Amino acid sequence: MRPRRWVAALALLAPLLGASLAAQTGPADEPKVDLEEVRKLRAAAEGDPALADELEARVLALYDDAIRSLEAAADHDAAAVSIGRERSEIPARVERLQAELDRPERRLRRDLPEDATVAQVEDALARARARLGAHRAALRDLERSSEDHTSSRTEIAQRLGSLELELERLNDDLRGPSEGAAATELAEAARLFVLAQQRAGISEGRMHRARLALLGDRARLNPLEIDLAQRRIGHAEELVDRLEGTAHRIRAEQARQALEQVHEQSRRLAEAIPEVADIAAETEELAEILFGAEGVVTRSEQT
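How each quantity is defined
Residues numbered from 1 in each chain as written. Predicted model: local features only at pLDDT ≥ 70, side-chain atom pairs only at ≥ 80, totals over all residues. Heavy atoms only, no water. Helix = DSSP H or I, 4+ residues; strand = E, 2+ residues; numbered from the N terminus. Buried < 20%, exposed > 50% of the residue type's maximum accessible area, 1.4 Å probe, protein only. Contact = heavy atoms within 4.5 Å. Areas by Shrake-Rupley, 256 points an atom, 1.4 Å probe, with all protein chains shown as cover. pLDDT = per-residue confidence, 0-100.

Chemist: Describe the overall build of the protein, and please don't skip the residues or the numbers.
Modeler: From N to C terminus, the protein includes eight helices and zero strands. Overall, the protein shows an N-to-C arrangement of helices and strands of α-α-α-α-α-α-α-α. Sorting the 303 residues of the protein into buried and exposed places 35% on the buried side. The long-range fraction of contacts in the protein, counting pairs at least 24 apart against all pairs at least 6 apart in sequence, stands at 81%. Accessible surface, the protein: about 18,400 Å² in total, of which carbon and sulfur atoms supply 52%.

Dropping the structure here:
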């Protein structure tokens with residue numbers, strides 16, 4: 001065989017290229033294809049005068065596809081590691097959530113002074129309503145997430161089934177006949193591409209199995225998160241109700257005081273100036289319409 005720059009580099013991978021890849025189910029069965037070695041092989045093949053232009057283009061394309069597959073495999077491996085870290089944190093999260101749910105409910109606090117003004121109560125009410133809205137939004141997100149997990153499990157299972165078929169096809173490709181001695185370089189590049197595809201498929205399957213395991217672990221976590229979110233909503237609703245009641249009482253008291261003030265001022269005016277007694281009486285009637293027990297202001301506070 002004529003000496004070529006990239007043939008020597010290819011020889012470094014020869015033991016790997018001939019390894020049996022049937023029934024790949026674990027790390028021991030996984031093709032050991034190194035991304036940097038493939039990049040070196042591509043660099044050696046590029047511009048090699050011993051390769052015809054058309055053959056070189058096909059070889060380089062196969063190496064490029066192999067590199068992309070191996071890069072995808074690296075991404076899958078990184079994702080699986082990240083998923084594993086998330087899974088490892090779930091038991092502690094479950095324990096914290098369960099402890100919080102088991103803790104006696106705290107006494108509701110309004111954090112208002114005894115002589116709070118309407119403005120202070122309304123500010124506290126605005127904050128309480130905002131918290132209530134946030135808790136309700138969080139609960140909706142948790143419920144949607146639970147539904148998404150169900151559909152995700154189905155999609156993952158379907159993808160794993162497809163991967164099994166793809167890996168079987170790749171095994172068949174490796175066992176198939178080569179293109180002959182005249183195209184040895186092309187055959188080896190094609191074989192390396194198949195190995196890289198297998199590596200990507202196996203790593204993707206490992207990632208998806210990790211995702212399934214994570215979804216299974218989260219099945220313990222989600223009900224606790226939903227229970228806690230519902231409890232927070234209940235507390236927030238109770239606080240809003242109490243603050244609304246406080247604001248209504250303060251406004252009703254202000255209305256009563258305003259009515260008394262109008263009555264007092266009208267009586268004094270009628271005593272001081274008898275000529276305006278009728279006007280004073282009409283003013284009192286108007287005040288009753290506005291601030292009386294069945295007045296407009298009082299009723300508006302009750303709705």
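Further notes follow.
Chemist: Can you break down the side chain of Glu56 residue by residue, with the values?
Modeler: Its place among the elements puts Glu56 in helix α4 (residues 53-102). Looking at Glu56, the relative accessible area reads 13%, which means it is buried. Residue contacts for Glu56: discarding those within four places in its chain leaves Ala45, Glu46, Gly47, Asp48 and Leu51.

Chemist: Describe in detail the confidence of the model for the protein, supporting the description with residues and values.
Modeler: The predicted structure's coordinates, where accompanied by low pLDDT, should not be read in detail. Scored by pLDDT, the protein comes out at a mean of 79, with 79% of its residues at no less than 70. The least confident element of the protein, judged by mean pLDDT, is helix α2 (residues 14-17) at 34; the most confident is α4 at 92. For residues 1-28, every residue scores under 50 in pLDDT, and the model assigns this stretch 49 contacts once sequence neighbours within four places are set aside.

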